[in-house]
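# Geometric and topological summary
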Amino acid sequence: MEQALTAALLLWAPALLAVFGAFNLIGRGGGAWKVVTPLSLLLVVMAPLTVPDSTSTQAVELLWGVAVIGLPLLCGLVLMVFGGDVPVGRVPAWGRPTGLLLVACSAWLVVSWTPTFVEDVTLWDRFVVVMLAATASVSAFLFVLHRFFVPRRRSLSWPMLAGAVSASSLLVLRGVDGSIGVLVVAEVAGVFLGAGMALLLSMLVVWFFERNLPEPDDLPPPSEEDLERAAAIIARRTHNGGDFHA
Amino acid sequence: MPEARTYVAIASLASALLLGPVVVLLLATGTNPDPNALGVGLANDVFVGFIVTSLGMILLLLAYGDNRDRPAAPVLGLCVLLVTGFILGLWLLQSSDLIGDASSPIARFFTELVHLAPVGLGLALAVPVGLLIAAVGLRTFALDDAEMPRS
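Residues numbered from 1 in each chain as written. Chains lettered and ligands numbered in written order. Predicted model: local features only at pLDDT ≥ 70, side-chain atom pairs only at ≥ 80, totals over all residues. Heavy atoms only, no water.

## Overview of the overall build of chain A
Cut-off, in case you're wondering: The secondary structure listing takes helices from DSSP runs of H or I that are at least 4 residues long and strands from runs of E that are at least 2 residues long, numbered from the N terminus. Two things to know: the radius of gyration comes from C-alpha atoms, and the globule rule equals 2.2 Å times the number of residues to the power 0.38. Buried residues are those whose accessible area, probed at 1.4 Å on protein chains only, stays under 20% of the maximum for their type, while exposed residues exceed 50% and partly exposed ones sit between those limits. Any two residues having at least one pair of non-hydrogen atoms within 4.5 Å are treated as being in contact. Method for areas: the Shrake-Rupley scheme with a 1.4 Å probe, in which residue coverage is limited to the protein chains shown.
Along chain A, the regular secondary structure elements total 9 helices and 1 strand. Its helices and strands taken in sequence order, chain A reads α-α-α-α-α-α-α-β-α-α from the N to the C terminus. Taken over C-alpha atoms, the radius of gyration comes to 28 Å for chain A, far larger than the 18 Å a tight globule of 246 residues would show. Counting over 246 residues, chain A shows a buried share of 37%. Considering only contacts in chain A between residues 6 or more positions apart, those separated by 24 or more positions represent 54%. Put simply, chain A shows about 14200 Å² of open surface, and 72% of that area lies on carbon and sulfur atoms.

What follows is the structure, encoded as structure tokens:
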């Protein structure tokens, strides 16, 4: 019980505060949250040191591993984006090759590395499978969306196709264990099903309130002055051949 | 867009979304998990997904009620989500072993939450990565208005 209480105080409560604080900072941003949110985040990240015996810290150990491959991957992609043809924040010529190098390093880590500090190895394997499969799906979805629904394409669609193919290839190179593959697909399906139910119910609540909104009040009929002004505008436009600014 | 082309586009979008899971299932080699354990896991995942999303939705309904001058909206939302969560929990408890070998339902919930961390973190990383990959192809200045689109 004492261990559960320590985990609740040093991990779960700070995690909740960090999420709530992040939303607050994105929104109105109260002064206290600027101090509480980073402190909570620090407590969460330090959980393997503060509550090493709790099973909950396995999630934070995984978070450390995610940071090791996620940070270079995201930084590399940002450098590739801003090293290209963008109107603001363009980086010098070294941006694209450096970004490509960082992405290649991340890809190599994804395929060959398993962090030793993550106690439960299956957690890491499941993370890699979900990340690569979801990247393949998102990239393929954006590619199809771009090809079908963007009439005047001001961007290239091949990077999205390359992203989908690369993620699938990395998945092939990494390999998928039979028990993990089926389990991961079932997990994602279950989470989406549960989350979809909650979303649907919330949408129903909003729809119920919006449907019961009162009708807007009728406008009063135009006065003599309004009619005279409208007649004058119509007469002027008719006289000047319909030129709006005449 | 013609109607037939719209159907093709929607079918293609759905297929594209299923690309990842299909590749995973095709590549999965070795022993498959026990179907009963898979069913229990699925039930737990549905429940955890519902609870976590409900918490977020309550926060959103609080903001909605505040912005649209509908103070009862978060209360009604909370009631609807609580009642559905209760019924869902009862049904899942009857149909599968939700608690397993955990000491209590709350302990099981937190265990399942940790168990779902790879899924959450994987999806959380994949979405910005996918969007950034799409942004690599941005050509804001290079394309003239009169130029034909190229891919």
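Once you've had a look at it, read on.
## Here we look at the environment of Ser157(A)
Residue and element names in this part refer to chain A. Let me state the cut-off plainly: Distance and chemistry together define a polar contact, namely a pair of N or O atoms within 3.5 Å, with one atom able to donate a hydrogen and the other to accept it when in protein, and with adjacent residues in sequence counting only for side-chain atoms on both sides.
Counting through the fold element by element, Ser157 comes out in the loop between helix H6 (121-149) and helix H7 (158-174). By relative accessible area, which is 2% here, Ser157 ends up buried. In this structure, the C-alpha to C-alpha distance between Ser157 and Val144, residues 13 residues apart in sequence, is 8.9 Å. In this structure the side chain of Ser157 is engaged in a polar contact, spanning 3.1 Å, whose partner is the side chain of Arg147.

## Points about the confidence of the model for chain A
The line we're drawing: Scored between 0 and 100, pLDDT is the confidence that the predictor attaches to each residue.
On average, chain A scores 86 in pLDDT, and the residues at 70 or more come to 95%. Within chain A, the lowest mean pLDDT, 81, falls on helix H1 (residues 2-26) of chain A, and the highest, 94, falls on helix H5 (residues 95-112) of chain A.

## Some thoughts on a negative patch on the surface
All names here are of chain A. Applied cut-off: Think of a patch as exposed residues, more than 30% relative accessible area, with no salt bridge, where like charges cluster within 9 Å and nonpolar side chains (Val, Leu, Ile, Met, Phe, Trp, Tyr) cluster within 5 Å. Think of a salt bridge as a Lys or Arg side-chain nitrogen and an Asp or Glu carboxyl oxygen that are within 4 Å of each other. Under the counting rule used here, the positive set is Lys and Arg, the negative set is Asp and Glu, and His together with the chain ends is not counted. Charge placement uses NZ in Lys and CZ in Arg. For Asp and Glu, CG and CD serve respectively.
Residues Glu224, Glu225, Asp226 and Glu228 make up a contiguous surface patch of negative charge. Of note, Glu225 is situated in helix H9 (residues 224-239). The exposure class assigned to Glu225 is exposed, which follows from its relative accessible area of 56%.

## A closer look at the side chain of Arg126(A)
Tracing the sequence through the fold places Arg126(A) in helix H6. Using a relative accessible area of 2% as the deciding quantity, one classes Arg126(A) as buried.

## Things to note about the packing of aromatic side chains
Residues and elements named next belong to chain A. The condition is simple: Stacked, edge-to-face and tilted labels apply to pairs of Phe, Tyr and Trp rings (six-membered ring for Trp) whose centres lie within 6.5 Å, assigned for plane angles under 30 degrees, over 60, and everything in between, in that order.
For the coordinates displayed, the defined rule picks out 6 aromatic pairs over all chains. Centre to centre, the rings of Trp113 and Phe117 are 6.3 Å apart; their planes meet at 65°, and the pair counts as edge-to-face. Trp113 gets classed as partly exposed once you look at its relative accessible area, which sits at 23%. Through pairs of rings, three or more aromatic residues link up here, namely Trp64, Trp113, Phe117, Trp124 and Phe127.

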